[in-house]
Amino acid sequence: AAGDAAAAELRAVYTDFVRVCESKLNALRLVQLCTHIVPAFSSVDDMYKFVEAAFNRVASDAHAQTYAEAVMAELRLAAADERGCLTHIEQCAARLKNVAGAERVVYARYYRATTAYYKAKMQALDFYTNGLLWLAYERSEDVPRDERIAFMFDMSMAALVGETIYNFGELLSHPWFAELEAAPDCAWIGAILRVFNAGDIDGYARLRQQHAARLKEQPALADNARLLREKVSLLAIMVLVFERPANERRVAFTDIAKAGRLKSNEVELVLMRALSLGLLKGRIDEIDKVIGVTWVQPRVLDLGQVASLKSRLDAWQAQTRQTLAFLDAQLQATDDASAAAAAAA
(Lines give C-alpha, C1' and ligand atoms only; values in the text may rest on other atoms or scores of the structure.)
Protein backbone atom coordinates (compact mmCIF):
# COMPACT_ATOMS: atom_id res chain seq x y z
CA ALA A 1 0.00 0.00 0.00
CA ALA A 2 2.83 2.36 0.87
CA GLY A 3 4.46 1.57 -2.48
CA ASP A 4 1.22 2.27 -4.34
CA ALA A 5 0.85 5.59 -2.54
CA ALA A 6 4.39 6.60 -3.43
CA ALA A 7 3.84 5.65 -7.07
CA ALA A 8 0.63 7.65 -7.17
CA GLU A 9 2.40 10.64 -5.66
CA LEU A 10 5.15 10.46 -8.30
CA ARG A 11 2.59 10.32 -11.09
CA ALA A 12 0.82 13.31 -9.56
CA VAL A 13 4.10 15.26 -9.53
CA TYR A 14 4.53 14.48 -13.20
CA THR A 15 0.97 15.35 -14.18
CA ASP A 16 0.52 18.43 -12.01
CA PHE A 17 3.98 19.93 -12.26
CA VAL A 18 6.32 18.48 -14.89
CA ARG A 19 3.84 18.38 -17.77
CA VAL A 20 2.53 21.84 -16.91
CA CYS A 21 6.00 23.40 -16.76
CA GLU A 22 7.93 21.29 -19.27
CA SER A 23 7.94 23.97 -21.98
CA LYS A 24 9.79 26.25 -19.58
CA LEU A 25 12.24 23.58 -18.35
CA ASN A 26 15.72 22.96 -19.66
CA ALA A 27 15.53 19.82 -21.83
CA LEU A 28 18.17 17.94 -19.84
CA ARG A 29 16.50 18.80 -16.54
CA LEU A 30 13.21 17.60 -17.99
CA VAL A 31 14.53 14.12 -18.79
CA GLN A 32 16.23 13.97 -15.40
CA LEU A 33 12.89 14.71 -13.72
CA CYS A 34 11.23 12.06 -15.85
CA THR A 35 13.87 9.56 -14.75
CA HIS A 36 12.86 10.18 -11.14
CA ILE A 37 9.23 9.45 -12.10
CA VAL A 38 10.13 6.07 -13.66
CA PRO A 39 9.69 4.03 -10.40
CA ALA A 40 6.01 5.01 -10.44
CA PHE A 41 5.42 2.43 -13.16
CA SER A 42 5.03 -1.22 -12.28
CA SER A 43 6.44 -2.83 -15.44
CA VAL A 44 9.73 -2.31 -17.26
CA ASP A 45 7.90 -1.92 -20.56
CA ASP A 46 5.80 0.94 -19.14
CA MET A 47 8.95 2.55 -17.75
CA TYR A 48 10.61 2.29 -21.15
CA LYS A 49 7.63 3.79 -22.98
CA PHE A 50 7.53 6.68 -20.51
CA VAL A 51 11.23 7.52 -21.00
CA GLU A 52 10.90 7.01 -24.76
CA ALA A 53 8.14 9.61 -24.81
CA ALA A 54 10.40 12.04 -22.96
CA PHE A 55 13.19 11.23 -25.43
CA ASN A 56 10.94 12.17 -28.34
CA ARG A 57 9.91 15.45 -26.69
CA VAL A 58 13.53 16.67 -26.45
CA ALA A 59 14.47 15.87 -30.05
CA SER A 60 16.17 19.24 -30.48
CA ASP A 61 18.65 18.69 -27.62
CA ALA A 62 21.35 16.08 -28.25
CA HIS A 63 22.56 16.08 -24.64
CA ALA A 64 19.06 15.50 -23.23
CA GLN A 65 18.42 12.77 -25.79
CA THR A 66 21.69 11.06 -24.86
CA TYR A 67 20.73 11.07 -21.19
CA ALA A 68 17.27 9.70 -21.93
CA GLU A 69 18.61 7.05 -24.29
CA ALA A 70 21.13 5.88 -21.69
CA VAL A 71 18.22 5.34 -19.31
CA MET A 72 16.39 3.49 -22.09
CA ALA A 73 19.47 1.26 -22.53
CA GLU A 74 19.37 0.33 -18.84
CA LEU A 75 15.65 -0.45 -19.08
CA ARG A 76 16.21 -2.69 -22.12
CA LEU A 77 18.83 -4.53 -20.09
CA ALA A 78 16.39 -4.86 -17.20
CA ALA A 79 14.02 -6.51 -19.68
CA ALA A 80 16.79 -8.96 -20.66
CA ASP A 81 17.06 -7.34 -24.10
CA GLU A 82 20.85 -7.12 -24.44
CA ARG A 83 20.68 -6.42 -28.16
CA GLY A 84 18.31 -3.51 -27.60
CA CYS A 85 20.53 -2.20 -24.81
CA LEU A 86 23.60 -2.28 -27.05
CA THR A 87 21.75 -0.48 -29.85
CA HIS A 88 20.89 2.38 -27.50
CA ILE A 89 24.46 2.48 -26.17
CA GLU A 90 25.88 2.69 -29.70
CA GLN A 91 23.49 5.53 -30.55
CA CYS A 92 24.53 7.38 -27.38
CA ALA A 93 28.20 6.94 -28.27
CA ALA A 94 27.65 8.26 -31.79
CA ARG A 95 25.74 11.26 -30.47
CA LEU A 96 28.41 12.08 -27.86
CA LYS A 97 31.08 11.86 -30.54
CA ASN A 98 29.34 14.49 -32.63
CA VAL A 99 28.52 17.00 -29.89
CA ALA A 100 30.74 18.85 -27.45
CA GLY A 101 30.30 20.26 -23.98
CA ALA A 102 27.99 17.64 -22.52
CA GLU A 103 27.38 18.02 -18.79
CA ARG A 104 28.89 15.62 -16.29
CA VAL A 105 25.50 13.98 -15.62
CA VAL A 106 25.20 12.96 -19.28
CA TYR A 107 28.52 11.13 -19.26
CA ALA A 108 27.75 9.63 -15.86
CA ARG A 109 24.46 8.20 -17.13
CA TYR A 110 26.09 6.92 -20.33
CA TYR A 111 28.91 5.11 -18.52
CA ARG A 112 26.47 3.76 -15.97
CA ALA A 113 24.62 2.11 -18.86
CA THR A 114 27.75 0.77 -20.57
CA THR A 115 29.06 -0.60 -17.27
CA ALA A 116 25.76 -2.41 -16.62
CA TYR A 117 25.83 -3.86 -20.14
CA TYR A 118 29.38 -5.22 -19.89
CA LYS A 119 28.62 -6.67 -16.47
CA ALA A 120 25.68 -8.55 -17.96
CA LYS A 121 27.92 -9.78 -20.79
CA MET A 122 30.58 -10.82 -18.21
CA GLN A 123 33.30 -8.95 -20.13
CA ALA A 124 35.72 -8.10 -17.33
CA LEU A 125 38.04 -5.72 -19.19
CA ASP A 126 35.26 -3.64 -20.79
CA PHE A 127 33.33 -3.60 -17.51
CA TYR A 128 36.40 -2.44 -15.60
CA THR A 129 37.37 0.21 -18.15
CA ASN A 130 33.87 1.66 -18.38
CA GLY A 131 33.46 1.36 -14.62
CA LEU A 132 36.48 3.59 -14.04
CA LEU A 133 34.99 6.15 -16.41
CA TRP A 134 31.67 6.01 -14.55
CA LEU A 135 33.53 6.58 -11.28
CA ALA A 136 35.20 9.63 -12.84
CA TYR A 137 31.85 11.26 -13.63
CA GLU A 138 29.43 10.01 -10.95
CA ARG A 139 28.87 11.81 -7.66
CA SER A 140 28.71 9.77 -4.47
CA GLU A 141 25.56 11.51 -3.29
CA ASP A 142 23.72 10.31 -6.40
CA VAL A 143 24.35 6.62 -5.63
CA PRO A 144 23.13 4.85 -2.47
CA ARG A 145 25.91 3.50 -0.24
CA ASP A 146 24.87 -0.14 -0.69
CA GLU A 147 25.05 0.28 -4.46
CA ARG A 148 28.46 1.92 -4.20
CA ILE A 149 29.83 -1.00 -2.18
CA ALA A 150 28.25 -3.60 -4.48
CA PHE A 151 29.72 -1.85 -7.51
CA MET A 152 33.20 -1.73 -6.01
CA PHE A 153 32.93 -5.42 -5.18
CA ASP A 154 32.14 -6.15 -8.83
CA MET A 155 35.00 -3.89 -9.95
CA SER A 156 37.39 -5.73 -7.63
CA MET A 157 36.28 -9.06 -9.05
CA ALA A 158 36.82 -7.79 -12.59
CA ALA A 159 40.26 -6.44 -11.69
CA LEU A 160 41.29 -9.82 -10.33
CA VAL A 161 39.97 -12.07 -13.11
CA GLY A 162 40.52 -9.72 -16.06
CA GLU A 163 43.39 -11.32 -17.97
CA THR A 164 44.93 -8.02 -19.08
CA ILE A 165 44.12 -5.86 -16.03
CA TYR A 166 47.26 -5.17 -14.01
CA ASN A 167 46.75 -1.59 -12.92
CA PHE A 168 44.57 -1.28 -9.80
CA GLY A 169 45.80 2.03 -8.41
CA GLU A 170 42.98 4.18 -9.74
CA LEU A 171 40.41 1.84 -8.21
CA LEU A 172 42.22 1.54 -4.88
CA SER A 173 42.48 5.31 -4.52
CA HIS A 174 38.77 5.99 -5.10
CA PRO A 175 36.74 6.95 -2.00
CA TRP A 176 34.19 4.22 -2.70
CA PHE A 177 36.92 1.60 -2.27
CA ALA A 178 37.41 2.73 1.32
CA GLU A 179 33.70 2.04 1.86
CA LEU A 180 34.18 -1.46 0.47
CA GLU A 181 37.06 -2.09 2.85
CA ALA A 182 34.94 -0.86 5.77
CA ALA A 183 32.07 -3.23 4.92
CA PRO A 184 32.41 -6.42 7.04
CA ASP A 185 31.16 -8.75 4.30
CA CYS A 186 33.33 -7.23 1.55
CA ALA A 187 36.57 -6.19 3.22
CA TRP A 188 38.24 -9.49 2.31
CA ILE A 189 38.22 -8.79 -1.43
CA GLY A 190 39.60 -5.31 -0.82
CA ALA A 191 42.47 -6.87 1.15
CA ILE A 192 43.18 -9.32 -1.68
CA LEU A 193 43.26 -6.55 -4.27
CA ARG A 194 45.72 -4.56 -2.16
CA VAL A 195 48.17 -7.47 -1.82
CA PHE A 196 47.90 -8.03 -5.57
CA ASN A 197 48.69 -4.39 -6.21
CA ALA A 198 51.77 -4.73 -3.98
CA GLY A 199 52.83 -7.97 -5.67
CA ASP A 200 52.74 -9.61 -2.23
CA ILE A 201 52.59 -13.33 -2.98
CA ASP A 202 52.94 -14.38 0.66
CA GLY A 203 50.17 -11.97 1.63
CA TYR A 204 47.93 -13.48 -1.03
CA ALA A 205 48.66 -16.99 0.28
CA ARG A 206 47.69 -15.92 3.80
CA LEU A 207 44.46 -14.27 2.66
CA ARG A 208 43.58 -17.22 0.46
CA GLN A 209 43.83 -19.48 3.48
CA GLN A 210 42.07 -17.04 5.79
CA HIS A 211 39.14 -16.48 3.40
CA ALA A 212 38.98 -19.92 1.77
CA ALA A 213 35.23 -20.23 2.36
CA ARG A 214 34.47 -16.84 0.78
CA LEU A 215 36.68 -17.63 -2.21
CA LYS A 216 34.77 -20.85 -2.81
CA GLU A 217 31.53 -18.86 -2.81
CA GLN A 218 32.82 -16.87 -5.81
CA PRO A 219 32.97 -19.18 -8.87
CA ALA A 220 34.82 -16.53 -10.89
CA LEU A 221 37.71 -16.65 -8.40
CA ALA A 222 37.60 -20.39 -7.80
CA ASP A 223 37.59 -21.13 -11.54
CA ASN A 224 40.48 -18.74 -12.19
CA ALA A 225 42.83 -19.87 -9.43
CA ARG A 226 45.63 -20.50 -11.92
CA LEU A 227 45.20 -17.09 -13.54
CA LEU A 228 45.28 -15.40 -10.13
CA ARG A 229 48.51 -17.20 -9.22
CA GLU A 230 50.09 -16.11 -12.49
CA LYS A 231 48.84 -12.55 -12.09
CA VAL A 232 50.24 -12.06 -8.59
CA SER A 233 53.59 -13.48 -9.77
CA LEU A 234 53.68 -11.04 -12.68
CA LEU A 235 52.79 -8.16 -10.39
CA ALA A 236 55.58 -9.19 -8.00
CA ILE A 237 58.04 -9.12 -10.91
CA MET A 238 56.78 -5.69 -11.99
CA VAL A 239 57.28 -4.39 -8.45
CA LEU A 240 60.79 -5.91 -8.35
CA VAL A 241 61.78 -4.13 -11.57
CA PHE A 242 60.02 -0.88 -10.67
CA GLU A 243 61.88 -0.60 -7.38
CA ARG A 244 65.27 -0.97 -9.06
CA PRO A 245 67.20 2.08 -10.26
CA ALA A 246 67.12 2.62 -14.01
CA ASN A 247 70.78 1.61 -14.31
CA GLU A 248 70.21 -1.70 -12.52
CA ARG A 249 67.55 -3.23 -14.71
CA ARG A 250 69.46 -6.25 -15.91
CA VAL A 251 67.67 -8.70 -13.68
CA ALA A 252 68.91 -12.23 -13.14
CA PHE A 253 66.54 -15.14 -13.61
CA THR A 254 67.32 -16.17 -10.02
CA ASP A 255 65.99 -12.83 -8.75
CA ILE A 256 62.90 -13.18 -10.93
CA ALA A 257 62.31 -16.71 -9.60
CA LYS A 258 62.65 -15.51 -6.01
CA ALA A 259 60.30 -12.55 -6.45
CA GLY A 260 57.67 -14.51 -8.37
CA ARG A 261 58.00 -17.74 -6.34
CA LEU A 262 58.78 -19.59 -9.57
CA LYS A 263 60.69 -22.72 -10.45
CA SER A 264 63.80 -22.14 -12.54
CA ASN A 265 62.19 -23.68 -15.62
CA GLU A 266 59.17 -21.36 -15.31
CA VAL A 267 61.01 -18.04 -15.33
CA GLU A 268 61.48 -17.63 -19.08
CA LEU A 269 57.86 -18.53 -19.84
CA VAL A 270 56.57 -16.04 -17.28
CA LEU A 271 58.85 -13.33 -18.66
CA MET A 272 57.60 -14.02 -22.18
CA ARG A 273 54.08 -13.70 -20.83
CA ALA A 274 54.95 -10.33 -19.24
CA LEU A 275 56.42 -9.10 -22.53
CA SER A 276 53.42 -10.29 -24.56
CA LEU A 277 51.00 -8.53 -22.19
CA GLY A 278 52.97 -5.29 -22.49
CA LEU A 279 53.79 -5.24 -18.78
CA LEU A 280 57.51 -5.05 -19.52
CA LYS A 281 59.69 -4.21 -22.47
CA GLY A 282 63.17 -5.59 -22.78
CA ARG A 283 65.31 -8.43 -24.04
CA ILE A 284 65.77 -11.89 -22.59
CA ASP A 285 69.34 -13.21 -22.57
CA GLU A 286 68.97 -16.98 -22.47
CA ILE A 287 72.73 -17.55 -22.24
CA ASP A 288 73.43 -15.35 -19.21
CA LYS A 289 69.96 -16.01 -17.77
CA VAL A 290 69.05 -12.34 -17.37
CA ILE A 291 66.49 -9.94 -18.75
CA GLY A 292 67.38 -6.38 -19.64
CA VAL A 293 64.27 -4.31 -18.89
CA THR A 294 63.91 -0.99 -20.70
CA TRP A 295 60.35 -0.13 -19.65
CA VAL A 296 57.73 -1.07 -17.05
CA GLN A 297 54.00 -0.44 -17.57
CA PRO A 298 53.10 2.83 -15.81
CA ARG A 299 50.89 2.40 -12.77
CA VAL A 300 48.86 4.62 -10.48
CA LEU A 301 50.93 4.55 -7.30
CA ASP A 302 49.76 4.17 -3.72
CA LEU A 303 51.43 6.11 -0.90
CA GLY A 304 53.98 3.38 -0.22
CA GLN A 305 55.01 3.25 -3.87
CA VAL A 306 55.21 7.05 -4.01
CA ALA A 307 57.54 6.95 -0.98
CA SER A 308 59.69 4.36 -2.76
CA LEU A 309 59.81 6.53 -5.87
CA LYS A 310 60.79 9.56 -3.76
CA SER A 311 63.67 7.59 -2.24
CA ARG A 312 64.90 6.64 -5.70
CA LEU A 313 64.65 10.24 -6.90
CA ASP A 314 66.57 11.41 -3.82
CA ALA A 315 69.29 8.85 -4.56
CA TRP A 316 69.40 9.92 -8.20
CA GLN A 317 69.66 13.57 -7.14
CA ALA A 318 72.54 12.78 -4.78
CA GLN A 319 74.34 10.81 -7.48
CA THR A 320 73.82 13.64 -9.96
CA ARG A 321 75.26 16.17 -7.54
CA GLN A 322 78.25 13.91 -6.93
CA THR A 323 78.82 13.59 -10.67
CA LEU A 324 78.59 17.37 -11.15
CA ALA A 325 81.04 17.94 -8.31
CA PHE A 326 83.46 15.48 -9.91
CA LEU A 327 83.16 17.19 -13.31
CA ASP A 328 83.67 20.61 -11.73
CA ALA A 329 86.80 19.32 -10.01
CA GLN A 330 88.11 17.82 -13.24
CA LEU A 331 87.42 21.06 -15.12
CA GLN A 332 89.15 23.10 -12.44
CA ALA A 333 92.15 20.76 -12.54
CA THR A 334 92.32 21.14 -16.32
CA ASP A 335 92.16 24.92 -16.05
CA ASP A 336 94.88 24.95 -13.40
CA ALA A 337 97.10 22.74 -15.53
CA SER A 338 96.56 24.97 -18.54
CA ALA A 339 97.39 28.07 -16.51
CA ALA A 340 100.54 26.47 -15.12
CA ALA A 341 101.64 25.45 -18.60
CA ALA A 342 101.04 28.96 -19.91
CA ALA A 343 103.04 30.48 -17.04
CA ALA A 344 105.91 28.10 -17.63
CA ALA A 345 106.00 29.05 -21.32
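The sections below set out a description of the structure shown in this document. (Residues numbered from 1 in each chain as written. Predicted model: local features only at pLDDT ≥ 70, side-chain atom pairs only at ≥ 80, totals over all residues. Heavy atoms only, no water.)

It is worth spelling out the overall build of the chain at this point. The helix and strand tally for the chain stands at 18 helices and three strands. In terms of overall dimensions, the chain has a C-alpha envelope of 105 × 60 × 35 Å along the principal axes. When the 345 residues of the chain are sorted by exposure, 42% land in the buried category. Of the contacts made within the chain by residues no fewer than 6 positions apart, 63% connect residues no fewer than 24 positions apart. (Helix = DSSP H or I, 4+ residues; strand = E, 2+ residues; numbered from the N terminus. Buried < 20%, exposed > 50% of the residue type's maximum accessible area, 1.4 Å probe, protein only. Contact = heavy atoms within 4.5 Å.)

One way to put it is that helix H6 (residues 104-120) packs onto helix H7 (residues 124-137) with a least axis distance of 8 Å and a crossing angle of 155 degrees. For the element pair H6 / H7, the angle class is roughly antiparallel. Viewed along their axes, H6 and H7 form a crossing whose handedness is left-handed. Each of Arg-104, Tyr-107, Ala-108, Tyr-111, Arg-112, Thr-114, Thr-115, Tyr-118 and Lys-119 in H6 lies in contact with H7, whose residues at this interface are Asp-126, Phe-127, Asn-130, Gly-131, Leu-133, Trp-134 and Tyr-137. (Axes fitted to C-alpha atoms, helices over the stretch in contact; angles between N-to-C directions. Parallel < 35°, antiparallel > 145°, perpendicular 65-115°, else oblique. Left-handed = near helix turned anticlockwise from the far one by under 90°.)

A few words now on helix H12 (residues 201-210). Residues of H12 that are buried: Ile-201, Gly-203, Tyr-204 and Leu-207. An end-on view of H12 places all buried positions within 155 degrees of arc, on one side of the element. H12 presents Arg-206, Gln-209 and Gln-210 as exposed residues on the side facing more than 90 degrees away from its buried surface. Contacts made by the buried residues of H12 are with helix H11 (187-197), helix H15 (225-242) and helix H16 (253-260). (Arc of directions from axis to C-beta.)

With that out of the way, let us pick up the side chain of Glu-179. Looking at the secondary structure, you find Glu-179 in helix H10 (residues 175-182). Reaching out from Glu-179, the side chain makes a polar contact with the side chain of Arg-148 at a distance of 2.8 Å. If sequence neighbours within four positions are ignored, Glu-179 has contacts with Arg-145, Arg-148 and Ile-149. (Polar contact = N/O pair within 3.5 Å; in protein donor to acceptor, adjacent residues only side chain to side chain.)

Before going further, it helps to examine the packing of helix H2 (residues 27-37) against helix H3 (residues 44-57). Where H2 meets H3, the axes come as close as 10 Å, and the angle between the chain directions of the two elements is 170 degrees. The orientation of H2 with respect to H3, classified from their angle, is roughly antiparallel. Each of Val-31, Cys-34 and Ile-37 in H2 lies in contact with H3, whose residues at this interface are Phe-50, Ala-54 and Arg-57. By residue class, the composition of the contact of H2 with H3 is five nonpolar, no polar and one charged. (Nonpolar A, V, L, I, M, F, W, Y, C, P; charged D, E, K, R; others polar.)

A separate point is the packing of aromatic side chains. Per the counting criterion, the structure on display carries 11 aromatic pairs. Relative to Phe-151, the ring of Phe-127 lies with its centre 5.9 Å away and its plane at 65 degrees, an arrangement referred to as edge-to-face. Of this pair, Phe-127 sits in helix H7 while Phe-151 is found in helix H8 (residues 145-161), placing the two residues 24 residues apart along the sequence. The class of Phe-127 is buried, set by a relative accessible area of 4%. Here a set of aromatic residues connected by ring pairs shows up, and it is made of Tyr-107, Tyr-110, Tyr-111 and Tyr-137. When the ring centre of Tyr-166 is taken as origin, the NZ or CZ atom of Lys-231, which lies over that ring, is 5.1 Å away. Over the aromatic face of Trp-295 sits the side chain of Lys-281, whose NZ or CZ is 4.9 Å from the ring centroid. (Phe/Tyr/Trp six-rings, centres within 6.5 Å; stacked < 30°, edge-to-face > 60°. Lys NZ or Arg CZ within 6 Å of the ring centre and 35° of its normal.)

A few words on the pairing of strand E2 (residues 280-285). As paired elements, E2 and strand E3 (residues 290-296) share six bridges and run antiparallel to each other. Paired with Lys-281 across the two strands is Trp-295, which belongs to E3. Counting the residues in the hairpin turn of E2 and E3 gives four residues, including Lys-289, whose phi is positive at 60 degrees. (Pairing = 2+ DSSP bridges.)

On to the sheet that holds strand E1 (residues 250-252). The strand order across the open sheet formed by three strands is E1-E3-E2, and the pairing between neighbours is antiparallel. Lying at the two open borders of the sheet, with one neighbouring strand each, are E1 and E2. Strand-to-strand, the axes of this sheet are offset by a mean angle of 30 degrees, without reference to chain direction. Here H15 sits on the sheet in contact with E1, E2 and E3, set at roughly 80 degrees to E3. Of the strands in this sheet, E2 and E3 touch helix H17 (residues 267-276), which is tilted by about 145 degrees from E2.

Turning next to the pairing of E3. Among the seven residues in E3, five count as buried, and that is most of the element. Across three bridges, E1 lies against E3 in antiparallel orientation. Bridging from a neighbouring strand, Arg-250 pairs with Gly-292 of E3.

It is worth spelling out the pattern of salt bridges at this point. Applying the stated rule across the entire model yields 16 salt bridges. Arg-139 is paired through a salt bridge with Asp-142; the nearest N and O atoms lie 3.1 Å apart. In this structure Arg-139 comes out as partly exposed when scored by relative accessible area, which is 37%. By relative accessible area, which is 39% here, Asp-142 ends up partly exposed. Residues participating in the shared-partner salt-bridge network are Asp-45, Arg-76 and Asp-81. (Salt bridge = Lys/Arg side-chain N within 4 Å of Asp/Glu carboxyl O.)

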